[in-house]
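Remarks on the overall topology
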Amino acid sequence: MTGYDAKKFEAAALAGDWRAAVAVLSRSTGRPEVLAALMKPDAHLEVVLGVLGRQSVTPEHLAWAATFDNAQVLGRVLSNPKTPVSLVREIRDRVADREEDIWVHLREYADRILARVARESGLHGG
């Protein structure tokens, strides 16, 4: 394919081509129904990261991405300022008993976010 043909790339993405899906997600003009169709429980890692990388990412997109058991994805969810505090807590609690370094770092990051939120809200003596 030469150039970007939205209809061809969308059709390929909806047929399961994750590379086409990433191309579709990289465009700001993507149709919301295509984005919704790409948000599957078994989406390719690059598709999940593509959704998270969109400027128009919503708390609903973040909640969907948080269902994946992947430290890179969960780190991106935590680092997004649109992520609700309840989702930060949920992620922290979900990884609390994992001992591998990546999960320990993720849990510590979530704790720092929650501490900052508490400080900035004036709660808990902050």
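As shown above, the structure is provided for reference.
In this report, the structure presented in the accompanying data block is examined. (Residues numbered from 1 in each chain as written. Predicted model: local features only at pLDDT ≥ 70, side-chain atom pairs only at ≥ 80, totals over all residues. Heavy atoms only, no water.)

One way to put it is that helix α2 (residues 18–25) packs onto helix α4 (residues 45–52) with a least axis distance of 9 Å and a crossing angle of 5°. On the basis of the axis angle, α2 is roughly parallel to α4. Across from Trp18, Ala21, Val22 and Leu25 in α2, the residues of α4 making contact are Glu46, Val47, Gly50 and Val51. For the contact of α2 with α4, the residue count by class is 6 nonpolar, 1 polar and 1 charged. (Axes fitted to C-alpha atoms, helices over the stretch in contact; angles between N-to-C directions. Helix = DSSP H or I, 4+ residues; strand = E, 2+ residues; numbered from the N terminus. Parallel < 35°, antiparallel > 145°, perpendicular 65-115°, else oblique. Contact = heavy atoms within 4.5 Å. Nonpolar A, V, L, I, M, F, W, Y, C, P; charged D, E, K, R; others polar.)

With that out of the way, let us pick up the packing of aromatic side chains. Overall, the coordinates contain 2 aromatic pairs when judged by the stated rule. Ring centres of Trp64 and Phe68 lie 5.2 Å apart, and the angle between their planes is 80°; this geometry places the pair in the edge-to-face category. Directly above the ring of Tyr4 sits Arg27, whose terminal nitrogen or CZ lies 3.9 Å from the centroid. Here Arg98 stacks its cationic end above the ring of Trp103, 4.4 Å away from the centre of that ring. (Phe/Tyr/Trp six-rings, centres within 6.5 Å; stacked < 30°, edge-to-face > 60°. Lys NZ or Arg CZ within 6 Å of the ring centre and 35° of its normal.)

Those residues of α2 that fall on the buried side of the exposure criterion are Ala20, Ala21, Ala23, Val24 and Leu25. The secondary structure elements touched by the buried residues of α2 are α1 (6–14), α3 (32–38) and α4. One side-chain oxygen of the residue at the start of α2 lies 2.9 Å from the amide nitrogen of Arg19, identifying that residue as Asp17. (Buried < 20%, exposed > 50% of the residue type's maximum accessible area, 1.4 Å probe, protein only. Polar contact = N/O pair within 3.5 Å; in protein donor to acceptor, adjacent residues only side chain to side chain.)

Before going further, it helps to examine the nonpolar core. The biggest cluster of nonpolar side chains holds 38 residues, and the ones touching the most others in it are Val48, Trp64, Val73, Val77 and Ile91. Within the residue set of this core, elements represented by two or more residues are α1, α2, α3, α4, α5 (59–65), α6 (71–79), α7 (85–94) and α8 (101–121). For Ile91, the contacting residues outside a window of four places in its chain are Ala66, Leu74, Val77, Leu78 and Leu106. (Core = buried A, V, L, I, M, F, W, Y, C linked by side-chain atoms within 4.5 Å.)

Below, the discussion takes up a negative patch on the surface. A surface patch of negative charge is lined by Asp97, Glu99, Glu100 and Asp101. Turning to its location among the elements, Glu100 is positioned in the loop between α7 and α8. (Patch = residues over 30% accessible without salt bridge, like charges linked within 9 Å, V, L, I, M, F, W, Y side chains within 5 Å. Areas by Shrake-Rupley, 256 points an atom, 1.4 Å probe, with all protein chains shown as cover. Salt bridge = Lys/Arg side-chain N within 4 Å of Asp/Glu carboxyl O. Lys, Arg positive; Asp, Glu negative; His and termini not counted. Charge placed at Lys NZ, Arg CZ, Asp CG, Glu CD.)

Under the counting rule described, the total for this entry stands at 6 salt bridges. When the shortest N-O distance is used, the salt bridge between Arg31 and Glu33 registers 2.8 Å. Close ionic contact of Glu120 with Arg116 constitutes a salt bridge, the shortest N to O distance being 3.5 Å. Of the two residues, Glu120 and Arg116 both sit in helix α8, 4 residues apart, roughly one turn of that helix. A cluster of three or more residues bridged by salt bridges with shared partners is formed by Glu10, Arg31 and Glu33.

Taking 1.5 Å of rise per residue, the 21 residues of α8 would be expected to cover 30 Å, and the 30 Å separating its terminal C-alpha atoms lies within 8% of that figure. For α8, every residue scored as buried is listed here: Trp103, Val104, Leu106, Arg107, Ala110, Ile113, Leu114 and Ala118. In this fold, the buried residues of α8 make contact with α6 and α7. At the exit of α8 stands Gly122, carrying a positive phi of roughly 85°. (Expected span 1.5 Å × (residues − 1).)

Turning to the side chain of Glu10, a few remarks are in order. By secondary structure assignment, the location of Glu10 is in helix α1. In this view, Glu10 contacts Val24, Arg31 and Val34; residues no more than four positions away in its chain are not counted.

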